[in-house]
Amino acid sequence: TVFPDAMRWLWKDWPAPVKAGVGSHQPLANIVSMDKGWELVGEGYRAPDGLAANAAGEVFFADKPAGRIYGISPEGQVGMFADKQPAPGHLAFGHDGKLLYASEPEKKRIVAYDDHGKATTIAKGVNVEDLTVSHGGNIYFTDPGDKKIWLIDAKGHKKVVDEGVAYPAGVQLTPDQSLLIVSDSKGQFIYSYQVAEDGSLKFKQPFFYLHLRDAAMKSGASGMTMDTLGNLYIATDLGVQVCDQAGRVN
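Residues numbered from 1 in each chain as written. Predicted model: local features only at pLDDT ≥ 70, side-chain atom pairs only at ≥ 80, totals over all residues. Heavy atoms only, no water.

Draft legend 1. Spotlight on the overall build of the protein. Secondary structure assignment for the protein yields two helices and 19 strands. Partitioning the contacts of the protein with sequence separation of at least 6, the portion at a separation of at least 24 is 34%. Put simply, the protein shows about 14900 Å² of open surface, and 53% of that area lies on carbon and sulfur atoms. If you average the places of the 25 positive and of the 30 negative side-chain charges in the protein, the two averages end up 4 Å apart. (Helix = DSSP H or I, 4+ residues; strand = E, 2+ residues; numbered from the N terminus. Contact = heavy atoms within 4.5 Å. Areas by Shrake-Rupley, 256 points an atom, 1.4 Å probe, with all protein chains shown as cover. Lys, Arg positive; Asp, Glu negative; His and termini not counted. Charge placed at Lys NZ, Arg CZ, Asp CG, Glu CD.)

Okay, here's the thing in structure tokens:
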């Protein structure tokens, strides 16, 4: 009985092309523009790495072989921030957005840049890969060679807060500062820790379950960042994976 009406509804827009709904792409549509592709911001760098953004919407990155740090304005203009630096690696902003922290793996140190690109040494003799800075001034950094995660508190005291992850690479704090997230390049999981009042870590668990290439045993997960909604973005061998707060890849 309803078949004729159903067919009239189905063909009501003919001969216009059929337009599919968002469907399974809904999580992706919430964070990117589905009608736009990738846009080139800059090129000609030797090895750009270590993206970091401040509250003003400026994005900074390091070109380690060139010894340079660049800044990208909210309008997409790229400019030199610091030149002739000793192989800067990963970058992270402090909570006030005024200091830009950088790892220098070859020099085994962590430095902080002021607004004028002048560097001050924060820590020496550290095997540092990636780093993140809490609102209280605590610095967490990964040491993949020794399979350790370190804390440098606001007073400059250094201590190991976890060890045993196969290859701890990226490190990131959640927006509310309650959890520390660490990527394992040689595994499938990203680890989550609860941050205690004294900055130490507890309740370690493999939380974010990444997708792998066929027959792969490791994700290659490295750099990470989070948005204000708590979505976690991870650079992996399979591409950029986006996880929700429940640990699922969307």
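Draft legend 2. Region of interest: the sheet that holds strand E4 (residues 78–82). Pairing in this open sheet of four strands is antiparallel, and the strands run E1-E2-E3-E4 from one edge to the other. Either end of the sheet is taken by a strand with one partner, and the two such strands are strand E1 (48–53) and E4. Neighbour-to-neighbour, the strand axes of the sheet open up by a mean angle of 30°, direction not taken into account. In terms of strand pairing, E1 meets strand E2 (residues 59–63) through four bridges, oriented antiparallel. Bridging across to E2, Ala52 finds its partner in Phe60. (Pairing = 2+ DSSP bridges. Axes fitted to C-alpha atoms, helices over the stretch in contact; angles between N-to-C directions.)

Draft legend 3. Representation of the pairing of strand E6 (residues 100–104) within the structure. Counted residue by residue, E6 has five buried out of five residues, so it is predominantly covered. Side-chain alternation along E6 places Leu100, Ala102 and Glu104 on one buried face and Tyr101 and Ser103 on a second face that is also buried. Sheet analysis places strand E5 (residues 91–93) next to E6, joined by three bridges and oriented antiparallel. Note that in E6 the partner of Phe93 across the bridge is Leu100. The turn joining E5 and E6, which pair antiparallel and follow one another in sequence, is formed by six residues; a positive phi near 75° is taken by Gly97. Where E6 and strand E7 (residues 109–113) come together, five bridges link them in antiparallel fashion. Paired with Leu100 across the two strands is Tyr113, which belongs to E7. (Buried < 20%, exposed > 50% of the residue type's maximum accessible area, 1.4 Å probe, protein only.)

Draft legend 4. Fine view of a nonpolar patch on the surface. Nonpolar side chains collect at one region of the surface, where Phe3, Met7, Trp9, Leu10, Trp11 and Trp14 lie side by side and expose about 800 Å² of accessible area between them. Tracing the sequence through the fold places Leu10 in helix H1 (residues 3–10). (Patch = residues over 30% accessible without salt bridge, like charges linked within 9 Å, V, L, I, M, F, W, Y side chains within 5 Å. Salt bridge = Lys/Arg side-chain N within 4 Å of Asp/Glu carboxyl O.)

Draft legend 5. Summary view of the pattern of salt bridges. Following the criterion strictly, the structure yields five salt bridges and no others. A salt bridge links Arg8 to Asp5; the shortest N-O distance between them is 2.7 Å. With Arg8 and Asp5 both in helix H1, this residue pair falls three residues apart, about one helical turn. Judged by relative accessible area, Arg8 falls into the exposed class, the value being 53%. Across the pair Asp83 and Arg68 runs a salt bridge, and its minimum N-O distance is 3.2 Å. Placement of Asp83 in the loop between E4 and E5 and of Arg68 in strand E3 (residues 68–72) is noted, with a sequence separation of 15 residues between them.

Draft legend 6. Summary view of the packing of aromatic side chains. Evaluation of the coordinates by the stated rule reveals nine aromatic pairs. Note on Phe141 and Trp150: the rings are 6.1 Å apart at their centroids and 0° apart in plane angle, and the pair reads as stacked. Trp150 shares its class with Phe141; the two are buried. Ring centres of Phe189 and Tyr209 lie 5.0 Å apart, and the angle between their planes is 75°; on these two criteria the pair is classed as edge-to-face. Here Phe189, found in strand E15 (residues 189–195), pairs with Tyr209, found in strand E16 (residues 201–209); they are 20 residues apart in sequence, far enough to count as distant. Residue Phe189 is classed as partly exposed on the basis of its relative accessible area of 30%. Under the relative-accessibility criterion, Tyr209 is labelled partly exposed at 44%. Members of the aromatic cluster, connected to one another through ring pairs, are Phe60, Phe81, Phe93 and Tyr113. (Phe/Tyr/Trp six-rings, centres within 6.5 Å; stacked < 30°, edge-to-face > 60°.)

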